[in-house]
Structures are given as structure tokens and as C-alpha cells.
Amino acid sequence: MDLREEATPRPWHVVLLFLSAMGTAFILIWLFKYSAYGLDFTDESFYLVWLSNPFIYNGSTTQFGYVYHPLYVLLDGDIASLRRANIVITFGLGWWLTYSFLSSLSPASKQERLVIQIASSGIATSSLVLFDTWMTTPSYNSLGFQALLICSIGLLRAEKMPTRSSLIGWSLIALGGWLAFMAKPSTALALAIGIFGCLIVSRKASLPMLAVAVAIAIMLLVLSAIYIDGSVAAFANRVALGLEYARLMGGGHDLANVFRLDEFYLHKRGKFFIFVVLVGSCLGMWGVLTKRPQGPALSLVVCICLFLVISALCLGHITATVGMDEFQGLLMFGVMLAAMVSALVLTGKTTFAGLTRAQLTVAILFLTLPHIYAFGTNRNYWVNGAWAGIFWVLAGITMLGPFACRHKSWRFALPLAIATQAVTAVLLQTGMQQPQRQPQPLSLNDVTLDISSRQVPITLSSSYASYLSAVITLVKANDFKPDTPVIDLSGQSPGVLYAIGAKSVGLGWMIGGYPGSQQLVKAALSQVPCEDIATSWILLEAEGPRSIPAEILKPFGVAFPQGFKKIGTWRTPKGAGGYEDARTQELYSPMETERTLSACRTFRLGKIT
């Protein structure tokens, strides 16, 4: 079947378009619904603390809080709205990139505007795999990923000549590079090397255009430095202090640990799922293209089965998870391999001959971008990189470009788009059924609680809601005011501080459990004004697995517990911080602020002299 002979899609093609469009809509509605559910008391709460007021901390290597802070203010701190905005931004950029990429591979396909848009939106759902642990709140992870998407869009448009489209492309590269630095400098460094290499090999590099991009990136960096710290020098000190914090913590972010080759492991179940996706996608695409009469029926059967899986997951009729542990994101290999195998079958030895140098270079870059995204993390690179799995999918689709170009259509890729949606839905299901450091599936959460100083509603498990409600009630009864400074020595409770509207002293998360956690806390508190230390309440979890000893406060003039009044005691719920056992937490209010202030100043003066 030659797609060029069909001026309009056949009825069964319309069915495929409908299934793909509905699959995208179902996934987005599903995510939007559960954006008001669940809260992780550690990492995600740290993101919220940073977003709410990033300007009170002197040292940081990631500046995502400053980038997203205007969004936080615009949405009045509403957690569900912040998550939905993050989902829309991520999916929108993924859709833009996919459309741009498919159009660049086959420019004539843009005549079928509806087909390419729907196919692009279906494939772009793979960008939402970023949220497969249900960490949908804006963070350095989402900002870094969005930066890669923007850079990639710019790369597709950038050319040697200073045309309007090319200038937009080079500007997007600069914007994406700046955002990558604001998210995670290690990713920005690796991205710069990858983009520059791609431009050189693809013969797109131009010294004037490169100068424009560098100038824009520098301008954005200077403006952000002034916005954050008032000067470039102060901003440089912030980053240097942030690097020192990372060194002190000993969390595996040093140079000896970031340059490494991690391994991955796929269970038999994972290999089976990848095989099913591979075979199903290939059969679906073959059914669209073959001249045999049974082709349309086969394609429809495959796509309807995949759509039923998507629907059942989104409507809550399937509660089981894929069960692949931390390497579940590698299911995207099934889609990538399906595109590659189909291309080899359809075009044989001419597959690579039909690709330009630029297209091949971009494909290679896309294969590496998930690792560029993960570069610098202390987690397995394959685990973190899978959150950027859309780039693996697009790298595989590159090989279908010559075929789409010959047929001037991407209609045959609709089954691949639906398969991508199915894999995405399966992975998101795991996040909703097993949200990070939460006790139960999101669908079982049934208590809505207003938290933070902005009184934003969030639907939690009964145990989590009871926990936070008890703390909120306690602090209100003891005249706790919003933005009251609190030193969190539990090592793992930024969620408690955010829930009561406290000002987290020292760091957005005084993280415990690392070899250098105590050194990190000391260094952070040394940057805090004595006025804040003297008026700080203290959250304690003496027997907790991440607990930071109260003795660490003595050099700052804090006499604990003598100068404090115990406000209350409570037990943490099961699963809080990722630990099954409940722990006792205590909250203390200061009683000798003037004495503490004097002692702190004396200590600081002694250090200076």
C-alpha cells in the first residue's frame, strides 16, 4: 500500500487517529486528576520548600527554586496546580520536539497536519515517564529534562545561515543550556559537549551563530545572578558554597563518582514486556502498510488492544504494576527497537543511506541524552536516564525517516504512537500505585488536608493526614506564626516544616544519613544570621535513622534542651521518609532568645578574630 495514493485517510485510519488522540487525552486527564493526591515528606517537600522562598539560602548548586518561584507565586503555592503546570510544560515541550523532529525527517508529511500532530502527541507522552515515581512537583529533575527538550528543539532548527528560523534555533540552544545549568551544572557541562560535537559533525557549526548563542546564554546567566544574589561575584560564591556543601555531605557527587559506567539488569518479565511491545508495534505498522486484505484488521486489533490497556489503567481497572523494580523505565527500549526493526524490514540496506549526516548525528546525540541528563547524580545512570527515555524513542524513529519521506506521511507510525502511550501508562501506573516514600496507592488516599501557610489542599492517606494534622493543630495552639524559623534535626522532615509554614533554617532540607551530614549542617548553620538561630524552634527525632544530634548546636550558642520548652511529641506514620517503623518526633520552642543571640554573636566574633 502506497500512502501517497491516498489523498484522505481511510475509515480505519480515522479509527487509529481517534485511538491515538484519545490515548493522549486519557493519560493527561489521569495525571491531572491525581495531581491533587499524595505528598512525599522528603525530596518532594524539599522541592516545595525551595520553591516557596529560595532567597533565604546562601549556597546551592541547583537554582531550580529561583526559576520556578514565579510560577509558585502565580499559582499561589497550590501544589496540585504546580504539578499540573509541570506536566503541561513537560508534555508541551515533548510534543513540540517530537513534531519538529518528525517534520525534519519528512518535511512533506506536514501536509497531513492532523496526522503528524496526533502521532507526535502520542509519542510525546513518553516525556511523562519523568513522573513514574510520582514526583510531579517542579524540581531540578524536571527543569533539567525540560532544558534538554528545549536544546533539542533548537538543535533541529539551528543552521549556519542567520535566517529567522536558525536564529530561533540558536536562541533555544542558549536558553536550554542556561536552564540546564540552573538545574544541574554537571548536566549543563555534558550537554554543552554533546551539542557542540553534534553541531561540528553535522556541519551546522557557525562561528557567528555560536557567538550569538554564547552571548545569549551569558546574558541569561548574568541576569539570573543579579536576580538571585545582586551580583555575579555573589552568585559565584553561592555556587562555590553549594559545591562545598556537596563535598562535605559525601553523597557520591565528587568527580571520582560521576564519571562511571553503570550496569542495568532486566528481569525476565521486563524482557517479555519489551518483546510484546516490539512485536505489537511492528505488526501494527505492518498492517497499515501491507497490501494484504488482512492488514487493516491486524493493525486495528493490535491498536485496540493497546488502547484498552491504556484505558483500563487510566480508569483504575488495573491495579497491578509491571514489577520491574528500578529499571522499569527501560521498557521504552521496546518502542525504540520496534522503530528500528520496522525500518530495517521496510527499507533493508538502504535504511542508513537515506539519512543525512545531520539526522544520523542527532540520532546518536539522542541516544546519549538520557545519560547526559543523569550525569552527576549518585543514582544508577540507567535508572535516572530512563526518565528522559523519549530521546531513545526518537533515536529509533530516526531510522523510519527515509520511509516516511518516501511516502510523505507518518500515518504508518500511529500504532507506534499508541504503543508508546501504553508503555507510558504502564510506567505511570507504577508511580501511582507505589508513590515514592508513601504508604499506599494514590487512589486509596481519602483525606483532604489544608497545609502550609497558604492553606493549600492535598489528599493524603489517613495516616499521613493524621500525622500532619496533629502537628498543625499543635503549633497553632502554641502561637506558631508563619515563617517562624525551625531547625530540623530529624534529618528527613522538610514536609513537616512546609506543612506548618515554617522557615527552614540553614538549608531547604537539613539532610541526615550521609557520612558528612553533621559537617554539612554545621557549615549551613554558620551561614545563618544569629537572629534566626536565636529565635528558631527545633524539630527533633532522637532515635531516627537520619537523626542529627542536638549537640551540633552548641558552638552556635544554643543551649539545648535547657533553653527550650517542649511543645509536643508525636509518632511518625508508617512509610514516612521511606521507613516502615514509626519514630518519635518532638518540637521545642526557644525560651532564652536574648542569651542565645548574645552567645551566637560571641561565637561568630571569636571565629572572626
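Residues numbered from 1 in each chain as written. Predicted model: local features only at pLDDT ≥ 70, side-chain atom pairs only at ≥ 80, totals over all residues. Heavy atoms only, no water.

**Q** What exactly am I supposed to notice about the overall build of the protein chain here?
**A** Secondary structure assignment for the protein chain yields 24 helices and seven strands. Rg of the C-alpha trace for the protein chain: 26 Å, near the compact-globule value of 25 Å for 609 residues, within the 12% margin. Dimensions along the principal axes, computed over C-alpha positions, put the protein chain at roughly 85 × 55 × 40 Å. In the protein chain, which comprises 609 residues, the proportion classed as buried is 59%. Within the protein chain, contacts between residues at least 6 apart in sequence are counted, and of these 76% link residues at least 24 apart. Distance from the positive charge centre (44 side chains) to the negative charge centre (33 side chains) of the protein chain: 10 Å. (Helix = DSSP H or I, 4+ residues; strand = E, 2+ residues; numbered from the N terminus. Rg over C-alpha atoms; globule rule 2.2 N^0.38 Å. Buried < 20%, exposed > 50% of the residue type's maximum accessible area, 1.4 Å probe, protein only. Contact = heavy atoms within 4.5 Å. Lys, Arg positive; Asp, Glu negative; His and termini not counted. Charge placed at Lys NZ, Arg CZ, Asp CG, Glu CD.)

**Q** What should I look at first to understand the pairing of strand β3 (residues 485–488) in this one?
**A** Along any regular strand, the residues point their side chains to alternate faces of the sheet. Burial along β3 is two-sided: Pro485 and Ile487 facing one way and Val486 and Asp488 facing the other are all buried. Taken together, the two bridges between β3 and strand β4 (residues 503–504) define a ladder with parallel strand orientation. Bridge assignment links Val486 to a residue of β4, and that residue is Ser504. Note that β3 and strand β5 (residues 537–540) share three bridges and pair parallel. Across the sheet, residue Ile487 finds its bridge partner in β5, namely Ile538. (Pairing = 2+ DSSP bridges.)

**Q** How do you make sense of the sheet that holds β4 when you look at a structure like this?
**A** Strands belonging to one sheet form pairs held by backbone hydrogen bonds; the direction of such a pair is parallel or antiparallel. Spatially, five strands are ordered β4-β3-β5-β7-β6 in an open sheet, and the strand pairing comes out mixed. At either margin of the open sheet sits one strand with a lone partner, and together these are β4 and β6 (564–571). Here β5 pairs with strand β7 (residues 584–590) via three bridges, running antiparallel. Its bridge partner being in β7, Ile538 is matched across the sheet by Tyr588. Across the sheet, helix α20 (residues 462–477) is in contact with β6 and β7; its angle to β6 comes to roughly 160°. (Axes fitted to C-alpha atoms, helices over the stretch in contact; angles between N-to-C directions.)

**Q** Just to check I follow, could you spell out the side chain of Gln429 for this structure?
**A** Here Gln429 lies in helix α19 (residues 414–433). When sequence neighbours within four positions are dropped, the list of residues in contact with Gln429 reads Trp30, Leu313, Ile318, Thr319, Ala320 and Thr321.

**Q** How do you make sense of α20 when you look at a structure like this?
**A** Note: α-helices contain 3.6 residues per turn, so residues at a spacing of three or four share the same orientation. Counted at 1.5 Å a residue, the expected span for α20 with its 16 residues is 22 Å, and the 22 Å between its end C-alpha atoms agrees. When we look at burial in α20, the residues that qualify are Tyr464, Ala465, Tyr467, Leu468, Val471, Ile472, Leu474 and Val475. Contacts made by the buried residues of α20 are with β1 (447–451), β2 (456–460), α21 (494–499), β6 and β7. Of the residues trailing α20, Asp479 is marked for its positive phi of about 60°. (Expected span 1.5 Å × (residues − 1).)

**Q** Explain the state of the cysteines here, please?
**A** Linking two cysteines covalently via their sulfur atoms produces the bond known as a disulfide. Enumeration according to the criterion identifies one disulfide in this entry. Note on cysteine connectivity: Cys530 is disulfide-linked to Cys600, with sulfurs 2.2 Å apart. On the sign convention where negative means left-handed, the S-S torsion of about -75° between Cys530 and Cys600 marks this disulfide as left-handed. Of the two residues, Cys530 is situated in helix α23 (residues 530–534) and Cys600 in helix α24 (residues 593–608); the sequence distance between them amounts to 70 residues. The two residues Cys530 and Cys600 agree in class, both being buried. (Disulfide = S-S within 2.5 Å.)

**Q** What exactly am I supposed to notice about the packing of helix α4 (residues 79–105) against helix α6 (residues 140–157) here?
**A** Helix-helix packing is described using two parameters, namely the angle between the two axes and the distance between the axes. The N-to-C vectors of α4 and α6 enclose an angle of 25°; their axes lie 9 Å apart at closest approach. Here α6 runs roughly parallel to α4, going by the angle between their axes. Classified by chirality, the crossing of α6 by α4 is left-handed. Here α4 contributes Asn86, Ile89, Thr90, Leu93, Gly94, Trp96, Leu97, Ser100, Phe101 and Ser104 to the contact with α6, which in turn contributes Ser142, Phe145, Gln146, Leu149, Ile150, Ser152, Ile153, Leu156 and Arg157. For the contact of α4 with α6, the per-class residue count stands at ten nonpolar, eight polar and one charged. (Parallel < 35°, antiparallel > 145°, perpendicular 65-115°, else oblique. Left-handed = near helix turned anticlockwise from the far one by under 90°. Nonpolar A, V, L, I, M, F, W, Y, C, P; charged D, E, K, R; others polar.)

**Q** Mind showing me how you'd approach the pairing of β1 here?
**A** Strand direction decides the pairing type here: β1 and β2, joined by five bridges, are antiparallel. Its bridge partner lying in β2, Asp450 is registered against Pro457. What sits between the antiparallel neighbours β1 and β2 is a turn of four residues, in which Ser452 has the positive phi angle 70°.

**Q** Explain unusual backbone geometry here, please?
**A** Of all residues except glycine, most have a negative phi; of all peptide bonds, most are trans. A cis amide bond links Phe560 to the next residue, Pro561, at an omega of 5°. Position of Pro561 relative to the elements: it lies in the loop between β5 and β6. With phi around 70°, Ser452 is a residue other than glycine that occupies positive phi space. Relative to the helices and strands, Ser452 is located in the loop between β1 and β2. According to the relative accessible area criterion, Ser452 is buried, its value standing at 4%.

**Q** I'm lost on the side chain of Ser35 in this one. Help?
**A** Among the structural elements, Ser35 can be located in the loop between α1 (11–34) and α2 (43–52). With sequence-adjacent residues up to four places away left out, Ser35 is seen in contact with Ala80, Arg83, Arg84, Ile87, Trp134 and Ile458.

**Q** Sorry, what's going on with the packing of α4 against helix α5 (residues 113–124) here?
**A** Interaxial distance between α4 and α5 falls to 8 Å at its minimum, and their mutual angle equals 130°. Taken together, α4 and α5 sit at an angle that is classed as oblique. In this structure, α4 meets α5 at a crossing whose hand is right-handed. Every residue of α5 that contacts α4 at Phe91, Gly94, Trp95, Thr98, Tyr99, Leu102 and Ser103 is listed here: Arg113, Ile116, Gln117, Ser120, Ser121, Ile123 and Ala124. Of the residues that constitute the contact of α4 with α5, the class distribution is seven nonpolar, six polar and one charged.

**Q** Whenever I open this one, the pattern of salt bridges confuses me. Can you help?
**A** As a working rule, side chains carrying opposite charge can pair if their charged atoms are close by. A complete count under the given rule lists 15 salt bridges for this structure. Between Asp43 and Arg437 there is a salt bridge, with its nearest N and O atoms 2.6 Å apart. Highlighted residues: Asp43 in helix α2 and Arg437 in the loop between α19 and β1, separated in sequence by 394 residues. Judged by relative accessible area, Arg437 falls into the partly exposed class, the value being 27%. (Salt bridge = Lys/Arg side-chain N within 4 Å of Asp/Glu carboxyl O.)

**Q** Looking at this model, I keep getting lost on the environment of Trp30. Mind explaining?
**A** Counting through the fold element by element, Trp30 comes out in helix α1. Trp30 sits in the buried class, given a relative accessible area of 4%. Considered as a pair, Trp30 and Leu365 are 335 residues apart in the sequence and their alpha carbons are 32 Å apart. The contacts of Trp30, once residues within four sequence positions are left out, are Leu313, Cys314, Ala425, Leu428, Gln429 and Met432.

**Q** Even after reading the chapter, I still don't get the environment of Asn141, so can you show me in this structure?
**A** Residue placement: Asn141 occurs in helix α6. Owing to a relative accessible area of 14%, Asn141 belongs among the buried residues under this scheme. Expressed as a C-alpha distance, the spacing of Asn141 and Leu130, which sit eleven residues apart in the sequence, is 8.3 Å. For Asn141, the contacting residues outside a window of four places in its chain are Tyr47, Leu130, Tyr373 and Trp387.

Everything listed is a geometric property; what it means functionally is a separate question.
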